[in-house]
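What the coordinates show
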Number of protein chains: 2
Amino acid sequence: MFSNFKCEHSGDPTMFEPFWRKMGDRSTIVIPGWQSMSYFSDIGNLCWFLEPDFAKEIRRLHKLVGNAITEDHYIVVGTGSTQLFQAVLYALSPPDATDPVDVVSAMPYYSSYPSVTDYLKSGLYRWGGDAHTYNKEGAYIEMVTSPNNPDGHARESVVNLGGGTRVYDLAYYWPQYTPITSNVDHDLMLFTVSKSTGHAGTRIGWALVKDKEIAKRMTKFIELNTIGVSKDSQLRAAKILRTISDSCEHMATSDHSECFFEYGRFLMARRWEQLRDAVRRSGMFSLPEFLPDFCKYAGVATTPHPAFAWLKCEGEVQDCESFLRSHKILTRSGMHFGADPKYVRVSMLDRNDTFKLFVERLLSINS
Amino acid sequence: MFSNFKCEHSGDPTMFEPFWRKMGDRSTIVIPGWQSMSYFSDIGNLCWFLEPDFAKEIRRLHKLVGNAITEDHYIVVGTGSTQLFQAVLYALSPPDATDPVDVVSAMPYYSSYPSVTDYLKSGLYRWGGDAHTYNKEGAYIEMVTSPNNPDGHARESVVNLGGGTRVYDLAYYWPQYTPITSNVDHDLMLFTVSKSTGHAGTRIGWALVKDKEIAKRMTKFIELNTIGVSKDSQLRAAKILRTISDSCEHMATSDHSECFFEYGRFLMARRWEQLRDAVRRSGMFSLPEFLPDFCKYAGVATTPHPAFAWLKCEGEVQDCESFLRSHKILTRSGMHFGADPKYVRVSMLDRNDTFKLFVERLLSINS
């Protein structure tokens, strides 16, 4: 029963735990029993359940990193970016349409898009498949995940038809994973604490939304779906983001390893090195290649080190997931991402022991 | 934009704030930055995102109060009982059915049932209206809210057809609102921290579910909807429930006002007395009447003091909501509950100042 989910979400970002231990009390929150009892966080705000402190820290962090423009955008908070994805679908679906709007994404796409789009058999939206081959008339929504889950590549929209809306899932557009090449300014951008800071258990995400009516309808969705978003987790997320901004603001003068993104980038680089080394030595697999690019945040050229490895079984093996499972390595088949079963997705964000074990087992296959 | 929601949810249970202030540090939580980072709470549990401490405190509190049997029930945690309501609809809908299953509830019913059932135009379920007049063939789901929102009456199921499943929404089945006449043992029961303790901002609810497959499907819904439930809020809810159990466990020997339910019952009784007095003096309204019953928890006969007053405009006034709004009293029209607009729902759980103002304004109408 459980292992299925464990596979699907083995992007559990526990690798950042040691950093947060090192931060000690700086990221601790204390909430007395009488605080935050009301449904409401900010009665005058369009998104009335958004904690003002969290909103402030979101804007501050984006400004510091330079990865997304928050000016002229509304912030809508969600119970993770999964809820925000559904809020976007609801907000973009014409309520009076006779047919559901198609939701598409370029293959290989995040495996949750199809299931989360279709599990309620909504009359408002439905999964439309691979964006590369999409060519229908009428309204559609294109999910652009950049860097992409599962394969880590930077992406642009691929559908070029009228009547479409692009939604940018930027969960991994942070300096520990990829060079920050531009300060993006899309109409609809999704982010999540899970991947940016490693706090998956808080279930907090945020959307930057240019259009007021869309932000209103997203807010309405979250009102109907869960009557707002946990205040406790928002307060915690605010503290976590503040700790990151504080830790990186004075990078020039302080210890680099004190800055979360530097720490994360270093760790990801080391893991990718270990994985590439194992793959090279085994001779049975291949990995995507990434070119370095200038990271405006770091001020130097950096190489992408994605949160997932999109591993391919070379040679005879057709079902890479089963093959690896027989060697006690749990991965997720490419099939779930609309791709060939010769591919699997492997998490790069697990705890150190788990990652080491994975690399060891990969190496042992060849021996 | 905002006032609409404010009216819909003016069940904001802020009246319990003073109690939690009095509890001081006893209900404070402290969460260090490195804690609860993972998606997972209890990897061996069917509901893998349920915090074990919260589950323990749920069972302890139900046992202490004697309002619901937790033995032989799975606990599924949700982002408020609104999410659990949807999880139930998903779990009870046959995935291969050609027609959506009907969701019904006896009039006057909780106004969110129709909107939350229908907002995604799901092919799995749809709002079927007043349970009193429901007489279709086939599968249906009956929501039994007891005590009822909006009118406060204890309820039993009213549909008596084959193929139906009853879901008990017991959000208000706590000693501060109603006599606990029996330790109920239904297959599907919903509870929420919002109404039991006053912590609406945590967005935490729980379901007690007898059938394993239904509990699994509810868990699956929450996985697809929000990939689990905020750990921070679950940890907080655990502490809050623990404080209540601690405060009431030794009632015989300690100060009664230290026990949350005694405190709440006293406050509710006083408010209802003030409201009934105002209604009597005005001569323009009426309220439902409730008979006392033996409360097994309190060990004495107690009178229901519902969280909402189901107020009726007597005489000429047809649209009670508009009439009261013209006297600066915000209520929610009976129409939203499937009832006559001569009725309105008024929150009894607001902060003291707001409640006092409401009673004063009600009295001033007559003068």
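Residues numbered from 1 in each chain as written. Chains lettered and ligands numbered in written order. Predicted model: local features only at pLDDT ≥ 70, side-chain atom pairs only at ≥ 80, totals over all residues. Heavy atoms only, no water.

Worth spelling out the cut-off: UniProt positions are given in the numbering used here, feature names are shortened, and annotations may be inferred rather than shown by experiment.
If you look chain A up in an unreviewed UniProt entry, it shows as Alliinase C-terminal domain-containing protein from Coptis chinensis. UniProt's Sequence similarities (unreviewed entry) comment on chain A is quoted here verbatim: "Belongs to the alliinase family." If you open the UniProt record of chain A and go to Cofactor (unreviewed entry), you find "pyridoxal 5'-phosphate".

1. Remarks on the overall build of chain A
Basically, it comes down to this: Where helices and strands are cited, they refer to DSSP runs of H or I of at least four residues and of E of at least two residues respectively, numbered from the N terminus. All radius of gyration figures rest on C-alpha atoms, and the globule criterion is 2.2 Å times the number of residues raised to 0.38. Whether a residue is buried, partly exposed or exposed follows from its accessible area with a 1.4 Å probe, protein chains only, as a fraction of its type maximum: under 20%, in between, or over 50%, in that order.
Per the secondary structure count, chain A includes eleven helices and 14 strands. Scaling as 2.2 N^0.38, a compact globule of 367 residues should have a C-alpha radius of gyration of about 21 Å, and chain A matches this with 21 Å. Dimensions along the principal axes, computed over C-alpha positions, put chain A at roughly 65 × 55 × 40 Å. Within chain A, the proportion of its 367 residues that are buried is 62%.

2. Quick notes on the interface of chain B and chain A
What counts is decided by this rule: Whether two residues touch is decided by their heavy atoms; if any such pair falls within 4.5 Å, the residues are in contact. By buried area we mean how much accessible surface two parts lose on assembly, using a 1.4 Å probe and totalling the loss over both. Each reported salt bridge corresponds to a side-chain nitrogen of Lys or Arg within 4 Å of a carboxyl oxygen of Asp or Glu. Definition of a polar contact: a pair of N or O atoms within 3.5 Å, with one able to donate and the other able to accept a hydrogen when the atoms are protein atoms, and with sequence-neighbouring residues admitted only if both atoms are side-chain atoms. Only Asp, Glu, Lys and Arg are considered charged in this grouping, and only Ala, Val, Leu, Ile, Met, Phe, Trp, Tyr, Cys and Pro are considered nonpolar; every other residue, Gly among them, is considered polar. At least two bridges found by DSSP between two strands are what make those strands a pair.
Contact with chain B, which involves 75 residues of that partner, is made by 75 residues of chain A. Surface buried jointly by chain B and chain A totals about 6300 Å² across both partners, of which 60% is contributed by carbon and sulfur atoms. Connecting chain B to chain A are two salt bridges. B:Arg236 serves as the salt-bridge partner of A:Asp232, at 2.8 Å between the closest nitrogen and oxygen. Here chain B is connected to chain A by 47 residue pairs in polar contact (both at pLDDT 80 or more). Breaking the side of chain B that touches chain A down by element, the ones donating at least two residues are α1 (2-8), α2 (17-23), β1 (29-31), α4 (80-92), α5 (112-118), α6 (193-197), α7 (212-226) and α8 (231-249) of chain B. Its residues placed into classes, the side of chain B that touches chain A shows 32 nonpolar, 29 polar and 14 charged. Inspection of the sheet shows strand β1 (residues 29-31) of chain A paired to β1(B) by three bridges, in the antiparallel sense. Within β1(B), the position partnered with A:Ile29 by the bridge is B:Ile31.

3. Some words on empty space enclosed by the protein
Here is the rule we go by: The pocket and cavity definitions rest on a 1 Å grid over protein atoms only: a 1.4 Å probe that fits but cannot leave marks a cavity, an open set with protein on both sides within 12 Å along at least five of seven lines marks a pocket, and residues lining either have an atom within 4 Å of a point. Grid points are joined across faces, edges and corners, and a volume is the space filled by probe spheres set on the points.
Taken as a whole and assessed by the stated rule, the structure comprises five cavities of 30 Å³ or more. Quantified by volume, the largest cavity comes out at close to 290 Å³. For the largest cavity, the lining is made up of 25 residues, of which A:Ile227, B:Ser81, B:Thr82, B:Tyr110 and B:Lys195 are closest to its centre. Only α4, α5, β7 (188-192) and α6 of chain B provide two or more residues apiece to the lining of the largest cavity. Here the lining of the largest cavity takes four residues from α4(B), the largest share from any one element.

4. Let's talk about the sheet that holds strand β14 (residues 343-347) of chain A
Residue and element names in this part refer to chain A. For clarity, the threshold we go by: Only the stretch in contact is used when fitting a helix axis, every axis being a line fitted to C-alpha atoms; angles between N-to-C directions are given from 0 to 180 degrees.
Here we have four strands laid out as an open sheet, ordered β9-β12-β14-β13, and antiparallel in their pairing. On the outer flanks of this sheet lie β9 (285-286) and β13 (332-333), each paired with one strand and no other. Sheet analysis places β13 next to β14, joined by two bridges and oriented antiparallel. Each residue of the ladder has a partner; that of arginine 332, found in β14, is arginine 345. Contacting β9 and β12 (308-313), helix α9 (residues 260-282) runs over the sheet at an angle of about 5° to β12.

5. Regarding the packing of helix α7 (residues 212-226) of chain A against α4(B)
Test applied: Oblique is the label for every angle not falling under 35 degrees (roughly parallel), over 145 degrees (roughly antiparallel), or within 65 to 115 degrees (roughly perpendicular).
For the pair α7(A) and α4(B), interaxial distance at closest approach is 6 Å and the crossing angle is 75°. Judged on the interaxial angle alone, α4(B) and α7(A) are roughly perpendicular. Contacts between α7(A) and α4(B) involve A:Leu224, A:Asn225 and A:Thr226 from the former and B:Thr82, B:Gln83 and B:Gln86 from the latter. Looking at the contact of α7(A) with α4(B) residue by residue, the class counts come to one nonpolar, five polar and no charged.

6. As for the relation of the copies chain B and chain A
How we decide: Alignment of copies: least-squares fit on C-alpha atoms of residues with pLDDT of at least 70 in both copies.
Rotating chain B by 180° and translating it 0.0 Å along the rotation axis places it on chain A, where the RMSD comes to 0.0 Å. The superposition operator between the copies reduces to a two-fold rotation axis. Comparing interface residues between copies, 100% of those in chain B also sit at the interface in chain A, which points to an isologous, same-surface contact.

7. Quick word on the state of the cysteines
All names here are of chain A. Put simply, the test is: Any pair of cysteine sulfurs within 2.5 Å is marked as a disulfide.
On inspection of all chains with the given rule, the structure shows four disulfides over all chains. In this model cysteine 248 forms its disulfide with cysteine 259; the gap between the sulfur atoms is 2.2 Å. Here the S-S torsion is close to 90°, and the disulfide linking cysteine 248 with cysteine 259 is therefore right-handed. Placement of cysteine 248 in helix α8 (residues 231-249) and of cysteine 259 in the loop between α8 and α9 is noted, with a sequence separation of eleven residues between them.

8. With respect to the nonpolar core
Test applied: Side-chain atoms within 4.5 Å link the members of a nonpolar core, which is a set of buried Ala, Val, Leu, Ile, Met, Phe, Trp, Tyr and Cys residues.
Core analysis: the biggest nonpolar cluster contains 226 residues, and A:Phe54, A:Met218, A:Leu362, B:Phe54, B:Met218 and B:Leu362 have the highest contact counts within it. Those residues in contact with B:Met218 that sit more than four places away from it in its chain are B:Val76, B:Leu84, B:Ala87, B:Val88, B:Ala91, B:Leu188, B:Ala207 and B:Val209.

9. Some remarks on the sheet that holds strand β14 (residues 343-347) of chain B
Sheets are built from strands paired through backbone hydrogen bonds, the pairs being either parallel or antiparallel. Residue and element names in this part refer to chain B. Read across the open sheet, the four strands follow the order β9-β12-β14-β13; overall the sheet is antiparallel. Among the strands making up the open sheet, the edge pair consists of β9 (285-286) and β13 (332-333). Across two bridges, β9 lies against strand β12 (residues 308-313) in antiparallel orientation. In the strand pairing of β12, phenylalanine 285 is matched with cysteine 313. Across the face of the sheet, helix α9 (residues 260-282) comes into contact with β9 and β12 while running at roughly 5° to β12.

10. A closer look at the domain arrangement of chain A
Residue and element names in this part refer to chain A. Filter applied, for reference: These domain limits were set by an automatic method or by a database of domain assignments.
Partitioning chain A into structural domains gives domain 1 (27-248) and domain 2 (257-366). Computed from C-alpha atoms alone, the centre-to-centre distance between domain 1 and domain 2 is 26 Å. Contact residues are listed per partner, giving 28 residues for domain 1 and 30 residues for domain 2. Across the domain 1/domain 2 interface, buried area totals approximately 2500 Å², and carbon plus sulfur atoms make up 67% of it. Counting across the domain 1 and domain 2 interface gives seven residue pairs in polar contact (both at pLDDT 80 or more).

11. Side note on helix α3 (residues 52-65) of chain A
All names here are of chain A. Here is the rule: Here a helix's expected span is defined as the number of its residues, less one, multiplied by 1.5 Å. Regarding the arc, it is the one traced by the directions from the helix axis to the C-beta atoms.
With 14 residues, α3 extends 20 Å from end C-alpha to end C-alpha; this agrees with the ideal 20 Å at 1.5 Å per step. The set of residues buried in α3 consists of Phe54, Ala55, Glu57, Ile58, Leu61, His62 and Val65. The arc enclosing the buried residues of α3, seen along the axis, measures out at 165°, which places them on a common side. α3 presents Lys56 and Lys63 as exposed residues on the side facing more than 90 degrees away from its buried surface. Glycine 66 sits one or two residues past α3 and shows a positive phi near 70°.

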